[in-house]
Amino acid sequence: MTTVRVVVGGAVFHQGRLLAARRSAPPELAGRWELPGGKMEPGESPREALVRELREELGIEAEPLERIDGEWPLKPPYVLQVWTARLLAGEARPLEDHDELRWLTPDRVGEVDWLEQDRPAVAVAARLLAEAGSAPPRTR
């Protein structure tokens, strides 16, 4: 039996907008949009992995807030878990695996071609942003 491995995604919020990242690799995903993140390393918590991945991929410091309910299958043995996160410092830049970034308001999240597995979490993130207005989403 294969052990499931977790890929963490970040619904990064800043000033009432959600960060979208366009994939540049691998070829089958290039040009599609996703919530940035990556694979958990052995011994890492999901929150630690998300902080590290956002730093490596985008050059930002972010604070993970809450996990969005659900997990979505990727290529076996991986599953996607998504956390909301707040931008703390830095200006997001596409450093690894992405060639473009966009900050989208809740009413504009449908303007990019999201990867299928990201769509349910993007819908939840957009709803949270819309409900919060320009304030950061509340944590428990």
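Above: the structure in question.
Reading guide: rules and limits
- Residues numbered from 1 in each chain as written.
- Predicted model: local features only at pLDDT ≥ 70, side-chain atom pairs only at ≥ 80, totals over all residues.
- Heavy atoms only, no water.
- Core = buried A, V, L, I, M, F, W, Y, C linked by side-chain atoms within 4.5 Å.
- Buried < 20%, exposed > 50% of the residue type's maximum accessible area, 1.4 Å probe, protein only.
- Helix = DSSP H or I, 4+ residues; strand = E, 2+ residues; numbered from the N terminus.
- Contact = heavy atoms within 4.5 Å.
- Pairing = 2+ DSSP bridges.
- Phe/Tyr/Trp six-rings, centres within 6.5 Å; stacked < 30°, edge-to-face > 60°.
- Lys NZ or Arg CZ within 6 Å of the ring centre and 35° of its normal.
- Polar contact = N/O pair within 3.5 Å; in protein donor to acceptor, adjacent residues only side chain to side chain.

(A) Spatial organisation of the nonpolar core. If you look at the biggest cluster of nonpolar residues, it comprises 21 residues, and the most contacted ones within it are Ala 11, Leu 18, Leu 35, Ile 68, Val 82, Val 109 and Trp 114. Sorting the residues of this core by element identifies β1 (5-14), β2 (17-23), β7 (78-89) and α2 (119-132) as the ones contributing at least two each. Among the elements that make up this core, the one with the highest residue count is α2 (five residues). The residues contacting Trp 114, other than those within four sequence positions of it, are Leu 18, Leu 19, Ala 20, Arg 32, Trp 33, Glu 34, Leu 35, Leu 104, Val 109, Arg 119 and Val 122. Met 40, Ala 49, Ala 85 and Ala 92 belong to the second largest nonpolar core, which has 18 residues in total.

(B) Expanded view of the pairing of β2. Counting buried residues in β2 gives five out of seven residues, a clear majority hidden from the surface. Here β1 runs beside β2; their pairing, made up of two bridges, is antiparallel. Its bridge partner lying in β2, Phe 13 is registered against Leu 18. The antiparallel pairing of β1 with β2 creates a hairpin that spans two residues between the two strands, and Gln 15 there sits at a positive phi of about 50°. As paired elements, β2 and strand β8 (residues 98-104) share six bridges and run antiparallel to each other. The residue bridging Arg 22 from the neighbouring strand is Glu 100, located in β8. Where β2 and strand β3 (residues 33-34) come together, two bridges link them in antiparallel fashion. If you follow Ala 21 over to β3, its bridge partner there is Glu 34.

(C) Focus on the packing of aromatic side chains. A full pass over the atoms with the stated rule returns zero aromatic pairs. In this arrangement the basic side chain of Lys 39 is found over the ring face of Tyr 78, its NZ or CZ atom lying 5.2 Å from the centre.

(D) Up close: the pairing of β1. Buried residues dominate β1, accounting for eight of its ten residues. Relative to β7, β1 runs parallel, the two being bridged by nine bridges. Its bridge partner lying in β7, Phe 13 is registered against Arg 86.

(E) Geometry of the side chain of Arg 32. By the element assignment, Arg 32 lies in the loop between β2 and β3. Its relative accessible area of 18% is what places Arg 32 among the buried residues. A polar contact is formed between the side chain of Arg 32 and the side chain of Asp 113, at a distance of 2.9 Å. The residues touching Arg 32, leaving out its near neighbours within four places in the chain, are Ala 21, Arg 22, Arg 23, Asp 113, Trp 114, Leu 115, Glu 116 and Arg 119.

(F) Spatial organisation of the side chain of Glu 44. Examined against the element boundaries, Glu 44 turns out to sit in the loop between β4 (37-39) and α1 (46-58). A relative accessible area of 17% means that Glu 44 is categorised as buried. Of the polar contacts made by the side chain of Glu 44, one reaches the side chain of Arg 52; its length is 2.6 Å. In this view, Glu 44 contacts Lys 39, Ala 49 and Arg 52; residues no more than four positions away in its chain are not counted.

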